[in-house]
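# Chains, contacts and geometry: an overview
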Amino acid sequence: MQNLSVLSWNVQGKVNITGHTLFKKIKPHLINLSSDIIALQEMCNAERMLGKIGTLKAYNIFIPELNKGRHNGIPRFNHNVLLSKYPILRADEIIFPSWNRKIPLENGIRADIQLNNKVLRIYNCHFAIFKVGIGTRLKQLEYILSDSRGHKGPTIICGDMNVAIPKAGFRRKIITGWHREPKREMSVNGKFIDYDEREIFNETISQHGFEEVLDLYTPTWSPLKSKHWEMFKLKLDWFMVKNLEVTDIKLGDYVSDHRSIEVRCNL
């Protein structure tokens, strides 16, 4: 049996409506990480910033080339990034179909990692939230799940899925208005989804043999980076596993606007 630790964290390096987190605040925490595999979202200018951290030289690092989020006019500045103490056999980007040409979707990462006599596949994702809703995010999830069928070994899907829509009501009106999410995005296959988006996500991954390791209603996001201000109690970050035995789960403190998720598991 092999023990493995994997950490997923949105470091909020990208400037958005809730601001961003300076890398000098993120850096001390990255220096002290000991996880075997680290999946980062919104890791801006990754090659230059991560190159400053000597302890990360122990990792094999995949920084995508095609994920061309734009930041202050600089192309290729925002990335989902993967770091692994184990050999990365293959790593590439998942390019989602153009379901809505007006809303470009950030690419995901797919990597196969050699773990002794097994190969772990991991997906690192950052799903869309502005001007899209349940409909598009569910399509992104199903696209990843469909791709994962090609791997028979242990699999992880993690990242900031931006699953933000509560059940129909006043809170939903506030959140959809804030993110400018069209009404049509609240329907899936012609059926209006009046219940919590987390529930349809969880139903979908279960149908594909995956399990979400966190409680569905444990919040992971705070615009003020505080447990005392977890606005609407949103669980934006997910960690889904298949063919893995989870032995421990640890949520980090708010350094960025997201809490990190560290999962220990057995192969």
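Parameters and conventions
- Residues numbered from 1 in each chain as written.
- Predicted model: local features only at pLDDT ≥ 70, side-chain atom pairs only at ≥ 80, totals over all residues.
- Heavy atoms only, no water.
- Patch = residues over 30% accessible without salt bridge, like charges linked within 9 Å, V, L, I, M, F, W, Y side chains within 5 Å.
- Areas by Shrake-Rupley, 256 points an atom, 1.4 Å probe, with all protein chains shown as cover.
- Salt bridge = Lys/Arg side-chain N within 4 Å of Asp/Glu carboxyl O.
- Lys, Arg positive; Asp, Glu negative; His and termini not counted.
- Charge placed at Lys NZ, Arg CZ, Asp CG, Glu CD.
- Helix = DSSP H or I, 4+ residues; strand = E, 2+ residues; numbered from the N terminus.
- Buried < 20%, exposed > 50% of the residue type's maximum accessible area, 1.4 Å probe, protein only.
- Disulfide = S-S within 2.5 Å.
- Arc of directions from axis to C-beta.

Among the surface-exposed residues, Lys102, Lys131, Arg180 and Arg184 lie close enough to one another that they form a single positively charged patch. Position of lysine 102 among the secondary structure elements: in the loop between strand E7 (88-94) and strand E8 (108-115). Since its relative accessible area comes to 75%, lysine 102 is described here as exposed.

This paragraph deals with unusual backbone geometry. In the Ramachandran plot, arginine 180 falls in the positive-phi region, its phi being about 55 degrees despite a non-glycine side chain. In this fold, arginine 180 is placed in the loop between helix H4 (170-178) and strand E11 (187-188). Residue arginine 180 is classed as exposed on the basis of its relative accessible area, which comes to 55%. The phi dihedral of phenylalanine 232 is positive, around 60 degrees, even though this residue is not glycine. Of note, phenylalanine 232 is situated in the loop between strand E13 (211-212) and strand E14 (237-242).

Okay, the state of the cysteines next. Linking two cysteines covalently through their sulfur atoms gives a disulfide. If you walk through the whole model with that rule in mind, you get 0 disulfides. Cysteine cysteine 158 is unpaired, with the sulfur of cysteine 125 as its nearest cysteine sulfur at 7.3 Å. Taking relative accessible area as the criterion, cysteine 158 reaches 0% and is therefore assigned buried. No disulfide involves cysteine 265; its sulfur sits 11 Å from that of cysteine 158, the nearest cysteine.

What follows concerns helix H5 (residues 197-207). Along H5, the positions that sit buried rather than exposed are Glu197, Arg198, Ile200, Phe201, Thr204 and Ile205. Looking straight down H5, one finds that the buried residues subtend no more than 165 degrees of arc, so they occupy a single side. Where H5 ends, the next residue or the one after it, glycine 209, has phi of about 85 degrees, a positive value.

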